[in-house]
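# Observations on the model geometry
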Amino acid sequence: MGIAKLEAYFENDSPVEIGSPSYSTLVDANGIERSYFGYWITLAKPLGRSGHGHLYLKATPRDPTLQPRVVGPYQFSPQGNRHDVELEVAPSKPQITGVRYQSLSAAITWLKSQGAQNPKITCTETATFNSLWSGNNTNYLGQGYCMIEATAPITITRPPFASNGGTENMRSKYDGLWFRGSNITFDFSTTEEIYHEGTARNHVLDGVNITADTVLYKGSLRALGFMFRGSPIFLECNIHHAQNACIESALARGNTISSGIRDIFADSPTIFSNTVLSWDSDTYTTGYPDTFSVNYNGAETTATLAFDRASRIFTATWGAQSATFVVSADFTNDAYWPRGIVAWVNATLAGLDAGWSAALLDDNISLGATKLRATKGAAINNGFAAQNVKDTALALSSGWDIHSDWYQKRKGGSLFENVVIFGNRGWALDSQNILMQNGEARDWFIANNAFHQKNGQSDLSTQLAGTAHRHVMIVHNTMANQRLMLRTDGPYTADAYCLLANNVFREINSVGGAIAGYPGVDNHIHAAKADTSGSVRTTIGGDSTTLFVDAANGDFAAAPPLLAVKSAPRLPAVLFSKIDASGVPKGAPG
């Protein structure tokens, strides 16, 4: 690694040098020991002093032509008492002002009224809480966090849908809520988002459960591109049935994320040691079951059904006659769901001509998403032209023009430097692993990540795009069966401080042709594939089934064909279980 030393500065204390990264073990919010690799320091409370201090870190590079970099401040709050106020929440017990409340909302409201700085709320009974509201429309931010824990299982969710309108977010007007422990579950089945007011102290999700009864929201895609507003912190959470799970997170560490769609991480600076399983938007693009079928066997010689998706209108035509059905935008209306058009065909159309009939096959997805089974890509958004239903059952599916990005750089200017993506694993995926686009990228470190795509040689790729990449390090990653595309057909360039080394890809495709002096070295690609980037010492052989022990099920350890093409390590030796005079296996350390 390119760091000569890391120095920590805490308030006015002398700097403490951290010589090298190492493994350290911590106990998470649920009492589980977890070992993470990184730079570590322990902060002690200054004798006789309490308050809120700032930590800065200064990294000095090995290369003297590069400048040191200082990052911070990071707030730490050594206190004589960790919490200035502690409250209980117990719905079945009477309220005692300043001691116990019957709801989270009431407790948060009182803390806000008292100007609490580092309070703690403990929920002591099994309960469902439908509100986090803090009593008035004034934003509040303490100097520290408001810790919320539970000694019995609680669920935080909006009430069941009563109508198509109304508020579907949960808003507290109290920023810096820290939800801690697996007794807390956020149920997004009827919740659009957890709100944040945009202050510097984001909400923290620490060892909690985040789920929904289905990955769809009202049978459709969520309108927002996130579930938690702002830049939340996710620590060792269990996240299931999410859309756009951890978008713009300030930190995502040690989470287990499964069975969701759309993107996972985007515009996040620190993505560390997460596991993602069974993430597949393709189900809602080409793989969703048929939802209904329509047939006409009457006297007319021709009969068709068409759908204009933009106007949400189905048109049935038979002979010289036609009729239309408008899909409702109100999910409480039957016309929002497949059952609505099935009832219309079997009643209204059949009343005009007994030859019409329809069958309901699946009623769990919005009718507005109806498509032909074979339609893919942007064409989905058009609906479909008149399809024959004369003496044949036309079966229709549903879906959207979506795909998943495991990580996507979307923003051009507000996030383009100091990004770490390290130690993550993912399998049973259908996603682009890493998509870097839109503007410059400076000082990125992408290392020790391993991914396997369940659909083999799909058309999705890890892509380096955007404009100038400066000091972007991509080393020891395993993209077990996904290609790397260098988008040199656009303005993408890589400076001499970039490095693409010791990775495993299906192939490396430089779209605009080889790049003279490209900083790629010692990568490995599959047999019968090509590296057109201009990289050097690329080795070729095997595939995802032979290069790893069992990548399809998450075991990315190098198998004999990959062990035979070792190279010098670009990460600290402590990360590798197999290292000798010939070097280490390419790809992520197993």
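Preceding this paragraph is the structure being described.
Residues numbered from 1 in each chain as written. Predicted model: local features only at pLDDT ≥ 70, side-chain atom pairs only at ≥ 80, totals over all residues. Heavy atoms only, no water.

## Quick notes on the overall build of the protein chain
A count of helices and strands for the protein chain gives three helices and 50 strands. At 28 Å, the protein chain has a C-alpha radius of gyration in line with the 25 Å of a compact globule built from 590 residues. Along the first, second and third principal axes, the C-alpha set of the protein chain runs to 90 × 75 × 40 Å. Across the 590 residues in the protein chain, those meeting the buried criterion constitute 52%. If you take every contact in the protein chain between residues at least 6 apart in sequence, the share linking residues at least 24 apart comes to 65%. The average position of the 45 basic charges and that of the 51 acidic charges among the side chains of the protein chain differ by 4 Å. (Helix = DSSP H or I, 4+ residues; strand = E, 2+ residues; numbered from the N terminus. Rg over C-alpha atoms; globule rule 2.2 N^0.38 Å. Buried < 20%, exposed > 50% of the residue type's maximum accessible area, 1.4 Å probe, protein only. Contact = heavy atoms within 4.5 Å. Lys, Arg positive; Asp, Glu negative; His and termini not counted. Charge placed at Lys NZ, Arg CZ, Asp CG, Glu CD.)

## Some remarks on the nonpolar core
Formed by 72 residues in total, the largest nonpolar core has its most connected members in F179, F186, F265 and W406. If you tally residues by element for this core, the top one is helix α1 (residues 104-114), at five residues. Aside from chain neighbours lying at most four places away, what touches W406 is I264, F265, I271, V276, I421, N424, L429, S431, Q432, N433, I434 and F451. Core analysis: the second largest hydrophobic core is formed by 25 residues, L305, F325, W344 and L396 among them. (Core = buried A, V, L, I, M, F, W, Y, C linked by side-chain atoms within 4.5 Å.)

## A word on the pairing of strand β5 (residues 53-61)
Note that strand β1 (residues 3-10) and β5 share seven bridges and pair antiparallel. Counted as the bridge partner of Y9 is Y56 from β5. (Pairing = 2+ DSSP bridges.)

## What about the packing of aromatic side chains?
Under the definition given, this model contains 25 aromatic pairs. Centroid distance Y101 to W110: 6.3 Å. Interplanar angle 35 degrees. Geometry classified as tilted. The two residues Y101 and W110 agree in class, both being buried. Centroid distance F179 to F186: 4.9 Å. Interplanar angle 85 degrees. Geometry classified as edge-to-face. For the pair F179 and F186, a shared accessibility class is recorded, and that class is buried. Connected via pairs of aromatic rings, a cluster forms that spans Y23, Y36, F37, F272, F422 and F445. Above the face of the Y195 ring, R171 is positioned so that its terminal group lies 3.9 Å from the ring centre. Cation over ring: R201 sits above Y145, and NZ or CZ is 5.6 Å from the ring centre. (Phe/Tyr/Trp six-rings, centres within 6.5 Å; stacked < 30°, edge-to-face > 60°. Lys NZ or Arg CZ within 6 Å of the ring centre and 35° of its normal.)

## Brief notes about helix α2 (residues 338-352)
Here α2 contains 15 residues, and its C-alpha end-to-end distance of 21 Å stays within 8% of the 21 Å for a straight helix at 1.5 Å per residue. Among the residues of α2, P338, G340, I341, V342, W344, V345 and L349 are the ones counted as buried. In the core, the buried residues of α2 are packed alongside β26 (292-296), β28 (313-318), β29 (321-326) and β30 (356-360). (Expected span 1.5 Å × (residues − 1).)

## Examining the sheet that holds strand β33 (residues 394-398)
With antiparallel pairing, four strands are arranged side by side in an open sheet as β30-β26-β33-β31. Each edge of the open sheet carries a strand with a single partner, namely β30 and β31 (370-371). On the sheet, α2 packs against β26 and β30 and is oriented at approximately 160 degrees with respect to β30. (Axes fitted to C-alpha atoms, helices over the stretch in contact; angles between N-to-C directions.)

## A look at the pattern of salt bridges
Taken as a whole, this structure holds 29 salt bridges when the rule is applied. Residue D206 pairs with R180 through a salt bridge whose shortest N-O separation is 3.5 Å. Highlighted residues: D206 in strand β17 (residues 204-206) and R180 in strand β14 (residues 174-180), separated in sequence by 26 residues. Look at R180 and you get partly exposed, because its relative accessible area is 26%. Each of K120, E149, R180 and D206 takes part in salt bridges that share partners, so that together they form one network. (Salt bridge = Lys/Arg side-chain N within 4 Å of Asp/Glu carboxyl O.)

## Here we look at the sheet that holds strand β6 (residues 69-76)
Within the open sheet, the four strands sit side by side as β2-β1-β5-β6. Their pairing is antiparallel. The open sheet has two free edges, formed respectively by β2 (16-18) and β6, since each of these has just one partner strand. Strand-to-strand twist in this sheet, taken as the mean axis angle between neighbours without regard to direction, amounts to 25 degrees.

## Quick word on the side chain of R253
For R253, the position within the fold is in strand β21 (residues 251-253). In this structure R253 touches L26, Y36, F234, L235, E236, F272 and N274, once residues within four positions along its chain are discounted.

## Remarks on the environment of L55
Counting through the fold element by element, L55 comes out in strand β5. A residue is classified by how much of its surface remains accessible, and L55, at 6% relative accessible area, is buried. Sequence separation of L55 and E11 is 44 residues, and the distance between their C-alpha atoms is 6.6 Å. Sequence-distant contacts of L55, that is, excluding residues within four places in its chain, are made with A8, Y9, F10, L43, G72, P73, Y74 and F76.

## Some points on the pairing of strand β36 (residues 425-436)
Counting buried residues in β36 gives ten out of twelve residues, a clear majority hidden from the surface. Pairing of strand β25 (residues 275-280) with β36, which is carried by five bridges, proceeds in the parallel orientation. In the sheet register, V276 faces β36, and the bridge partner there is G426. Relative to β36, strand β34 (residues 404-409) runs parallel, the two sharing five bridges. Note on β36: the bridge partner recorded for Q408 is L435. Pairing analysis gives two bridges linking β36 to strand β39 (residues 462-464), with the strands arranged parallel. When the sheet's bridge partners are listed, L435 is paired in β39 with Q463.

## Overview of unusual backbone geometry
At the junction of G72 and P73, the peptide bond is cis and its omega measures out at 0 degrees in the coordinates. With respect to the helices, strands and loops of the structure, P73 is situated in strand β6. One non-glycine residue, D391, lies in the positive phi region at around 55 degrees. If you trace the backbone, D391 turns up in the loop between β32 (383-388) and β33.

Everything listed here is a matter of coordinates, which is why it stays silent on function.
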